[in-house]
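# Structural features, examined
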Amino acid sequence: MTVRTRFAPSPTGYMHIGNLRTALYAYLHARKNKGTFILRIEDTDQARLVEDSVKVIYESLAVTGLEHDEGPDKGGPVGPYTQSERRGLYKEYALKLLAEGHAYRCFCDKTEKAEEPDEEHDAPILGYDGRCGRLSPEEIAANLAKGLPYVIRQRIDKEGSTSFRDFIYGDIVVENKQLDDQILLKRDGYPTYNFANVVDDHLMGITHVMRGCEYISSTPKYILLYKAFGWEIPEHIHLPHILGPSGKKLSKREGSVALGDFLKKGYLPEAILNYIALLGWNPGTEQEFFTKADLIEKFDIARIGKAPAMFDEVKLLWLNAQHIKALPPGRAHELFLGFYPAAISGAFDAAKLTGYIQGKVEKLEDIPRMTAFLAGLDEKYSPELFVHAKNKTTLESSRAVLADLQAVLGALPAWEYAGILAAVKGYAEAKGAKLGPVMWPLRIAISGLAVTPTGAAEIAELLGKPETLRRISVALAKL
RNA sequence: GCCCUCUUCGUCUAGCGGUUAGGACGCUGCCCUUUCAAGGCAGAGAUCACGGGUUCGAAUCCCGUAGAGGGCGCCA
C-alpha cells in the first residue's frame, strides 16, 4: 500500500514550530516511502478565520521545502482540499450516521457557555449528558417543526471500552463512559475537527495519521466513528510535544514560536528543519547535522520518542552556525548581502568579507553588529584595549609598534592580504618579536574592538590602505 | 474532579537483562593561533524520578508512589 500522509493545519496566521515539525515528519515519512504528502486546510472555524493566513501556510512550506503533492493550490484526485469547500460531504456522512443511529440531533443550546473556557481554574467540566439522545421521534419532529437549531452529536454506547494501537505509544484503552457524545456537525453546518478529520482522512486515503499527542485522548472517539462507518482504521502516530523553557507547551509568552520569527532572526530553513527533526526523533547514530535529503534518507517513524522535548534555542543556534558554514560561498554571500550595512556593501569587497566571516556567523541577524566597525570606526574606544597580558602588550609597546607599522604598511606598494601579512611578519621578525605582540595592537587600532570576526590582516585589506593608516593615526593620538 | 501519557547529565538524546551508562549543545581547562571565534584534545556534569518486586544479574521486565504534560469546547 502506498503511503499517504497529510499536513492539516488551521489557518491561524502563523506557522507554529510544533506544527512545522508535524508537517516535517509527515513529509519525511511520505518521501522516505515514495508516498504522497498532502496539504489540507482545516478552516471549519468560521469565527477564527484570519485573513491571508492560508498564504502563510503556503509560504512556510515553500521556504522550508516541504513541498506537497496534493493540496488546494495543486489539486489532486481527492479534492477539494479545503474543508470549508467540503461541507456537503460532511453533511452527507453525518446524515448517514444519523440514519443508522450512530448519531442524533441535539437541540440544547450550549453556545453561550462554551464561548470562553475558563483556563485559570481547572474546574471539572462534565461532558454532555446525552439528553437529546433520548428524545422520542415525536419530540424530535416537534423540535424540527418549530425550526429549532440543532447540532449533530455522535452517539456513544457508554458500556465497555475502546482501544487502538498507537504506533508510538502502543495500546491505548479508554472506558467508553469517559467518552463524550461529541459534536460532529455544528449549528452553522460546519463540521468539528473531530468529525471532519475522520471523514477526510478516510476519503483522502490517508494511511498514516500523524498529529500532536494532545489528540490521543480523543482518538478512541474517532475509532468509534471509523467503526460506525465500517472504515478501515489508519495507522495512528501521535507525536510528543515540544516544550518551552518553562517545561510547558511552547507558547508565544516565552519567546519565538513561529517559523517566521526564526527566519527573521536569520536562522536558515535547513537548520530549523534539522533542529526540530531532532526534537523527538534520532537516527540511532551519532549524526546530528542533516540536510533535508539526509533526513529523507534516514528518517524512520520507528525512532520517534515518547517523551516531550524542550526547545533549546542555544542548540538551534549552534546547528545554524554549522549550516551557515556548510553553505556554498556564493549562496552564503547572497544571504549575507541582505544583512550588510549599506556602507559596507558599497565600499568594501563584500564577497571577500563574506569569505572571511562565514565560519563565524551564527545567525544572519548578527551580521550588522559584527561588521559595523568596518563601515565606521568608533574612535571613542578605550586605550586600555591595547593592553593584553597574554600577548605582553602595553600602552608603550603598542605605541612603538603602531608607529613602526604605520611606516611599514605605508611603504607597501600593493594592498592585499598576503602582502600585508608578510609585511607585518617581516617587521616582527626583524624586531625579534612574536607575531602576537604586533598583531594585537594593529587589530585594536584598526577595529577599536577587543573582539572582531576576523584577523588584523584581513581587516586591513578590507579597509584599504588610506583608512588603515588613518585608523593607526587615530590610535597613535590616543597613546 | 475524571481519564490518558511521560520520566537517563542543565538541555536534546543513545540504551531495548550483563556497558567504566555513550554522543551532542552549553560550561571549564589545555593546545593551535594573529585577539575572539573556529578547529583539536581533555574535564566537570546522570546513585537512570522514588519505593517495592522478578532475576545469579535491572536504566532495561512487573507492581505501586510521586512529579510533570495532555484531554474532558458548536477550538483545532
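Worth saying up front: this structure is predicted, and the values here are computed from it rather than measured. (Residues numbered from 1 in each chain as written. Chains lettered and ligands numbered in written order. Predicted model: local features only at pLDDT ≥ 70, side-chain atom pairs only at ≥ 80, totals over all residues. Heavy atoms only, no water.)

## Digging into the sheet that holds strand 7 (residues 183-185)
Taken together, three strands build an open sheet; the order of strands is 3-4-7 and the sheet is antiparallel. Strands at the two margins of the open sheet, each flanked by one partner only, are strand 3 (103-106) and strand 7. Strand-to-strand twist of the sheet, defined as the mean angle between neighbouring strand axes without regard to direction, takes the value 45°. (Pairing = 2+ DSSP bridges. Helix = DSSP H or I, 4+ residues; strand = E, 2+ residues; numbered from the N terminus. Axes fitted to C-alpha atoms, helices over the stretch in contact; angles between N-to-C directions.)

## A short note on unusual backbone geometry
Between Gly79 and Pro80 the backbone carries a cis peptide bond, its omega angle lying at -5°. In this fold, Pro80 is placed in the loop between helix 2 (53-64) and helix 3 (87-99). Of note in the backbone geometry, Lys34 takes a positive phi value of approximately 55° without being a glycine. On the basis of relative accessible area, Lys34 is assigned to the exposed category, the value being 71%. Its identity as a non-glycine residue notwithstanding, Lys392 has a phi of 55°, on the positive side. (Buried < 20%, exposed > 50% of the residue type's maximum accessible area, 1.4 Å probe, protein only.)

## Topic: the protein's contact with RNA strand B
Residues in close proximity to RNA strand B total 69 residues, the closest being Thr44, Asn282, Glu288, Lys360 and Trp440. Looking at RNA strand B alone, sugar and phosphate atoms form 68% of those within 4 Å of the protein. Between RNA strand B and the protein, one listed contact pairs a base oxygen with a side-chain N or O atom of Tyr417 at 2.9 Å. When residues of the surface near RNA strand B are traced back to their parent elements, those giving at least two are helix 4 (111-114), strand 6 (170-175), helix 6 (193-203), strand 11 (309-310), helix 11 (313-326), helix 17 (417-431), helix 18 (436-447) and helix 19 (456-463). Class assignment for the residues of the surface near RNA strand B results in 30 nonpolar, 16 polar and 23 charged. (Near = heavy atom within 4 Å. Polar contact = N/O pair within 3.5 Å; in protein donor to acceptor, adjacent residues only side chain to side chain. Nonpolar A, V, L, I, M, F, W, Y, C, P; charged D, E, K, R; others polar.)

## Observations concerning helix 11
Spanning 14 residues, helix 11 covers 20 Å between terminal C-alpha atoms, matching the ideal 20 Å at 1.5 Å per step. Within helix 11, burial applies to Leu316, Leu317, Leu319, Asn320, Ala321, His323 and Ile324. Looking at the buried positions of helix 11, the neighbouring elements they touch are helix 8 (259-264), helix 9 (269-277) and helix 12 (329-337). Capping the start of helix 11 is the job of one residue whose side-chain oxygen sits 3.1 Å from the backbone nitrogen of Val314: Asp312. (Expected span 1.5 Å × (residues − 1). Contact = heavy atoms within 4.5 Å.)

## Observations concerning the packing of aromatic side chains
Within this structure, the stated rule accounts for 18 aromatic pairs. For the pair Trp281 and Phe299, a centre-to-centre distance of 5.4 Å together with 40° between the ring planes defines the contact as tilted. Of the two residues, Trp281 is situated in the loop between helix 9 and helix 10 (292-298) and Phe299 in the loop between helix 10 and strand 11; the sequence distance between them amounts to 18 residues. Summarising the burial analysis for this pair, Trp281 and Phe299 share the class buried. Taken together, the ring pairs connect Tyr93, Phe195, Tyr226, Phe229 and Trp231 into an aromatic cluster. (Phe/Tyr/Trp six-rings, centres within 6.5 Å; stacked < 30°, edge-to-face > 60°.)

## Thoughts on the pattern of salt bridges
Taken as a whole, this structure holds 26 salt bridges when the rule is applied. Taking the shortest distance from any N to any O, the salt bridge between Asp171 and Arg165 comes out at 3.3 Å. Here the two residues Asp171 and Arg165 agree in accessibility, since each one is exposed. The residue Glu461 makes a salt bridge to Lys352 at a minimum N-O spacing of 3.0 Å. Taken as a pair, Glu461 in helix 19 and Lys352 in helix 14 (residues 350-357) lie far apart in primary sequence, 109 residues in all. (Salt bridge = Lys/Arg side-chain N within 4 Å of Asp/Glu carboxyl O.)

## Description of the packing of helix 3 against helix 7 (residues 219-229)
Two numbers describe how helix 3 lies on helix 7: the axes approach to 11 Å, and their chain directions differ by 80°. Between helix 3 and helix 7, the interaxial angle falls into the category roughly perpendicular. Here helix 3 contributes Tyr93, Lys96 and Leu97 to the contact with helix 7, which in turn contributes Leu225, Ala228 and Phe229. When the residues that make up the contact of helix 3 with helix 7 are grouped by side-chain class, the tally is five nonpolar, no polar and one charged. (Parallel < 35°, antiparallel > 145°, perpendicular 65-115°, else oblique.)

## Description of the environment of Lys96
Within the fold, Lys96 resides in helix 3. Sequence separation between Lys96 and Phe229 is 133 residues, and the spatial gap between their C-alpha atoms is 8.6 Å.

## Brief notes about the confidence of the model for chain A
Averaged over every residue, the pLDDT of chain A is 92; the share at 70 or more is 97%. Here residues 113-124 is modelled with pLDDT under 50, and outside its nearest four sequence neighbours on either side it reaches zero contacts, counting other chains as well. This complex was scored by the predictor with a pTM of 0.94 and an ipTM of 0.96. (pLDDT = per-residue confidence, 0-100.)

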